[in-house]
Amino acid sequence: GDGAASLAWDFQACTELPLLISTDNVSDPFPPRRWGLDELTEYCERTWGVRPKVDWARAFFGGSAREPARAFTRAASNIAFSNGLLDPWHGGGFLADLSPSMPAILLPRGAHHLDLRASDARDPPTTTAARARERELVRAWVRGATG
């Protein structure tokens with residue numbers, strides 16, 4: 001995007017949600033570019049006068065390096081963690097079930113939010129299956145909440 005919304009996301013990526021996404025032109029279609037913590041820190045200091053808070057989200061939401069899902073498993077339920085494995089951000093998601101009521105739903109040929117978009121005849125079968133699983137979960141959660 002552009003305008004204020006893009007500036008807000010840029011600042012957030014420099015503070016609360018650092019994104020370390022490098023490209024290599026082998027596993028992706030983009031020119032090779034290293035974008036690690038050193039590069040992000042230099043950019044954030046120059047652009048916003050801040051340093052990335054790499055562990056902020058984990059600490060804020062109650063996780064730890066050893067147990068990143070701790071806060072979720074202690075205080076939450078009925079969350080489907082869907083991750084398109086073609087999405088460069090999937091590495092920040094939960095890729096294994098946290099509990100029976102908090103499953104990880106993987107879309108091997110899916111990109112960012114593919115399962116949340118409208119159906120298309122060209123959708124990979126795993127995406128169609130993911131949507132069916134998500135519908136099944138939500139229906140069960142609603143039934144459980146309404147008796």
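It should be noted that the structure appears before, not after, this text.
These numbers come from a predicted model, not from an experiment.

1. Describing the pattern of salt bridges
Within this structure, the stated rule accounts for 6 salt bridges. Notably, a salt bridge pairs Asp120 with Arg122, separated by 3.0 Å at the nearest N-O pair. On the accessibility criterion, Asp120 (34% relative accessible area) is partly exposed. The exposure class of Arg122 is exposed, given its relative accessible area of 72%. Two residues, Glu136 and Arg133, come together in a salt bridge whose shortest N-O distance is 2.8 Å. Of this pair, Glu136 and Arg133 both sit in helix H5 (residues 125-146), 3 residues apart, which is roughly one turn of the helix. Its relative accessible area of 47% is what places Glu136 among the partly exposed residues.

2. Looking at helix H2 (residues 37-48)
Taking 1.5 Å of rise per residue, the 12 residues of H2 would be expected to cover 16 Å, and the 16 Å separating its terminal C-alpha atoms lies within 8% of that figure. For H2, the set of buried residues is Leu40, Thr41 and Cys44. Looking straight down H2, one finds that the buried residues subtend no more than 100 degrees of arc, so they occupy a single side. Facing away from the buried side of H2 by more than 90 degrees, the exposed set consists of Asp38 and Arg46. Check the buried side of H2 and you find it contacts helix H1 (4-14). Positive phi shows up at Gly49, right after H2, with a value of about 75 degrees.

3. Looking at the packing of aromatic side chains
Evaluated as defined, the whole model comprises 3 aromatic pairs. Taking the centre distance of 5.3 Å and the plane angle of 75 degrees together, the rings of Phe11 and Trp48 count as edge-to-face. Here Trp48 lies in helix H2 and Phe11 lies in helix H1, a separation of 37 residues in the sequence. Look at Phe81 and Phe94: their rings are 4.9 Å apart centre to centre, the planes differ by 75 degrees, and that puts the pair in the edge-to-face class. One end of the pair, Phe81, is in strand E1 (residues 81-84); the other, Phe94, is in the loop between E1 and strand E2 (104-107), with 13 residues separating them in the sequence. As far as burial versus exposure is concerned, Phe81 and Phe94 are alike and both buried.

4. Quick look at the nonpolar core
Counting residues in hydrophobic clusters, the biggest one holds 5 residues: Ile105, Leu107, Ala130, Leu137 and Trp141. Where this core is concerned, the elements lending two or more residues are E2 and H5. Per-element accounting of this core gives the leading share, 3 residues, to H5. Contact partners of Leu137, with chain neighbours within four places excluded, come to Ala80, Pro103 and Ile105.

Here is what the cut-offs are and how they apply
- Residues numbered from 1 in each chain as written.
- Predicted model: local features only at pLDDT ≥ 70, side-chain atom pairs only at ≥ 80, totals over all residues.
- Heavy atoms only, no water.
- Salt bridge = Lys/Arg side-chain N within 4 Å of Asp/Glu carboxyl O.
- Buried < 20%, exposed > 50% of the residue type's maximum accessible area, 1.4 Å probe, protein only.
- Helix = DSSP H or I, 4+ residues; strand = E, 2+ residues; numbered from the N terminus.
- Expected span 1.5 Å × (residues − 1).
- Arc of directions from axis to C-beta.
- Contact = heavy atoms within 4.5 Å.
- Phe/Tyr/Trp six-rings, centres within 6.5 Å; stacked < 30°, edge-to-face > 60°.
- Core = buried A, V, L, I, M, F, W, Y, C linked by side-chain atoms within 4.5 Å.

In short, geometric facts, not functional conclusions.
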